There are 2 protein chains.
Amino acid sequence: MVRVVDPADITAIVNTGDDMILHGLAISPDIDTVTYTLAGMNNTETGWGLAGESFTAMTELEAIGGEFWFRLGDRDLATHLYRTQRLAEGATLSAVTAEVAARRGVGVKLLPMSDQPVRTMVTLAGEGEPEVGFQHYFVRLRHSVAVRSVRFEGADSAAAAPGVLEAIDRAHTVVVCPSNPIVSIGPILAIDGVRDALVRRRDDVVAVSPIVAGRALKGPADRLLVELGHDSSVVGVARLYADWVGTLVIDEADAGLADAVRAVGLRCAVTPTVMTDAGRAAALARSVFAARD
Amino acid sequence: MVRVVDPADITAIVNTGDDMILHGLAISPDIDTVTYTLAGMNNTETGWGLAGESFTAMTELEAIGGEFWFRLGDRDLATHLYRTQRLAEGATLSAVTAEVAARRGVGVKLLPMSDQPVRTMVTLAGEGEPEVGFQHYFVRLRHSVAVRSVRFEGADSAAAAPGVLEAIDRAHTVVVCPSNPIVSIGPILAIDGVRDALVRRRDDVVAVSPIVAGRALKGPADRLLVELGHDSSVVGVARLYADWVGTLVIDEADAGLADAVRAVGLRCAVTPTVMTDAGRAAALARSVFAARD
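A brief structural summary. (Residues numbered from 1 in each chain as written. Chains lettered and ligands numbered in written order. Predicted model: local features only at pLDDT ≥ 70, side-chain atom pairs only at ≥ 80, totals over all residues. Heavy atoms only, no water.)

**Considering helix α2 (residues 56-63) of chain A**
Considered for burial, the residues of α2 of chain A that qualify are Ala57, Met58, Glu60 and Leu61 of chain A. Within α2 of chain A, the buried residues cover an arc of 165° as seen down the axis, which keeps them to one side. For α2 of chain A, the secondary structure elements touched by its buried residues are α3 (74-88) of chain A together with α3 (74-88) of chain B. Where α2 of chain A terminates, the next one or two residues include Gly65 of chain A, which has phi positive at roughly 90°. (Buried < 20%, exposed > 50% of the residue type's maximum accessible area, 1.4 Å probe, protein only. Helix = DSSP H or I, 4+ residues; strand = E, 2+ residues; numbered from the N terminus. Arc of directions from axis to C-beta. Contact = heavy atoms within 4.5 Å.)

**A look at the relation of the copies chain B and chain A**
You can overlay chain B on chain A at an RMSD of 0.0 Å; the transform is a turn of 180° with a shift of 0.0 Å along its axis. Here the symmetry operator amounts to a two-fold rotation axis. It is Gly24 of chain B whose C-alpha, among those of chain B, lies nearest the rotation axis, at 2.8 Å. The overlap is high: 100% of the interface residues of chain B also sit at the interface in chain A, so the same surface is used on both sides. (Least-squares fit on C-alpha atoms with pLDDT ≥ 70 in both.)

**So, the packing of α3 of chain A against helix α4 (residues 93-103) of chain A**
Residues and elements named next belong to chain A. Where α3 meets α4, the axes come as close as 10 Å, and the angle between the chain directions of the two elements is 140°. By the angle between their directions, the pair α3 and α4 is classed as oblique. For the pair α3 and α4, the crossing hand works out as right-handed. Packed against α3, whose contacting residues are Thr79, Tyr82, Arg83, Arg86 and Leu87, the element α4 presents Leu93, Val96, Glu99 and Val100 at the interface. Here the contact of α3 with α4 is composed, by residue class, of five nonpolar, one polar and three charged. (Axes fitted to C-alpha atoms, helices over the stretch in contact; angles between N-to-C directions. Parallel < 35°, antiparallel > 145°, perpendicular 65-115°, else oblique. Left-handed = near helix turned anticlockwise from the far one by under 90°. Nonpolar A, V, L, I, M, F, W, Y, C, P; charged D, E, K, R; others polar.)

**Points about the interface of chain B and chain A**
In this assembly, 28 residues from chain B lie in contact with 28 residues from chain A. Of the roughly 2400 Å² buried where chain B meets chain A, counting both sides, 63% is carbon and sulfur surface. In this structure, the connection of chain B to chain A is made through four salt bridges. Between Glu60 of chain B and Arg75 of chain A there is a salt bridge, and its shortest N-O distance comes to 3.2 Å. Contributions of two or more residues to the side of chain B that touches chain A are made by α2 (56-63) and α3 of chain B. If one sorts the elements of the side of chain B that touches chain A by residue count, α3 of chain B sits on top with nine residues. Across the side of chain B that touches chain A, the residue classes break down as 12 nonpolar, nine polar and seven charged. (Buried area = accessible area lost by both parts, 1.4 Å probe. Salt bridge = Lys/Arg side-chain N within 4 Å of Asp/Glu carboxyl O.)

**Regarding the pattern of salt bridges**
Tallied over the entire structure, the rule returns 32 salt bridges over all chains. Note that Arg201 of chain A is salt-bridged to Asp204 of chain A, the shortest N-O span being 3.0 Å. When sorted by exposure, Arg201 of chain A lands in the same class as Asp204 of chain A, which is buried. Residue Arg140 of chain B is joined to Glu67 of chain B by a salt bridge in which the shortest nitrogen-to-oxygen separation is 3.6 Å. Here Arg140 of chain B, found in helix α5 (residues 134-140), pairs with Glu67 of chain B, found in the loop between α2 and α3; they are 73 residues apart in sequence, far enough to count as distant. We classify Glu67 of chain B as partly exposed; its relative accessible area is 24%. A cluster of three or more residues bridged by salt bridges with shared partners is formed by Glu60 of chain A together with Arg75 and Arg104 of chain B.

**Notes on the sheet that holds strand β9 (residues 205-208) of chain B**
All names here are of chain B. Pairing is parallel in the open sheet, where four strands are placed in the order β8-β9-β12-β13. Taken across any chain shown, the strands that pair with only one partner, and hence form the sheet edges, are β8 (174-176) and β13 (267-270). Each strand of the sheet is rotated relative to its neighbour by a mean of 20°, with strand direction disregarded. Examined bridge by bridge, β9 and strand β12 (residues 247-250) share three bridges and lie parallel to one another. Its bridge partner lying in β12, Val208 is registered against Val249. (Pairing = 2+ DSSP bridges.)

The following block contains the structure:
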């Protein structure tokens, strides 16, 4: 998208339901992934963390018996040290996010969905139905377990971060990236005022389906949808988003379902959506804006 | 000392007044220095941290505008991550210290002076007389400023850690290492019951003077003594320790002051005290035990 419009005209509202405190450090995985990606520092092979990262601290932590399932690279650690120190000094997550983005040369305005902690909690299916934090499910268990339910702890009392509702109100187009509807988009919708703001802008909200040919390109979105009673298809996504999304962009692989999406009440655009390189990603961004116009 | 007696027969009671929370991490510099040194992992060139350490995280932290005056190495960070996580889980500092020491293969029993936080606070001389934490004074300001006073925040309500008073009560010899009397030995003495236990064992308490020929071998002990109204000499140390130390071991360079030490009421042994290598350190340990016998 930053290749198609001026980055200064983009505001990214980022999920913080994945955030956690680990080893005393305030970790915001989605904010960091967006920051690193926009800064061109991301590891494109693993899909997380920094390119050329080292893991000296984690290797040592493993040696002394610490928890090392959430792999924090040495350079990545600096981000968490910085964030934790600033939060302890009284800075908001919004402020810290802006500071780090500026230091990384990110031109897009990055906003956490909220400055208050919201935690995506996952109840696992099976014996005892334990409830675990999202990263426990996603990273530690490698999302290889069935899910009974999902809730967003703290969302009831969390306010949208400064600028979030304004950005939705004022945007030419609100783009919903092809992200997990349940655990990535869901937490943002759970923040007071966000869903209402989106409903008001419904005609200008364009979502890209994270489901292509019935499957998530990565992660557990397809299984989660089914486990929670939805269809793992562009139609299932359309039904979930119908109240607040005007247009759903689906992949050419799902062209045959375009009319079914329209039957749910959304406009539907068909285009290649799999972002295998920057050129295809830019083309998708153009298609998204064209679908809105 | 571990070359002279069985390490399993040694209990080290370690100052935690230097501890601090930085970047959200629980840092115990003295415990770590003792652990790393006994594990043979210490950096003998710098006098702090680990040999062969890397500073990837700190370099990155500096790049994004974080506080980097307290240099945490990548491997060293693992210790702080582990300690912070375990304390958050409810473990005591004693327990965490024992766990790390065991993982590092340390045979000496290491005890923090207290499981409750005690913070050595330093009031600086000069304009405004600001009060700062010990590491701010020691590391950030490189102890190159005059000190008006020192206090041990939290010491009034801190209890000796489990085993501390028992170790003093039962030891064949209580050895006071050649450490800063004000800010390294002082915090331990400030813990309820410690001074009384030492007074009871006074005949069996042997201290090695940290002052040689009027100077500290390293650090600000000599200036601190003078700034706080004491003599920077073995006699000054003897006066500070007279109530609870039976024997003061002084360096040959101070042989001429042995009678002045005795005049304060302590026995005095004269021997080489400068530990330039392991052999000289072992010889000093033998002299210390001989002075007690």
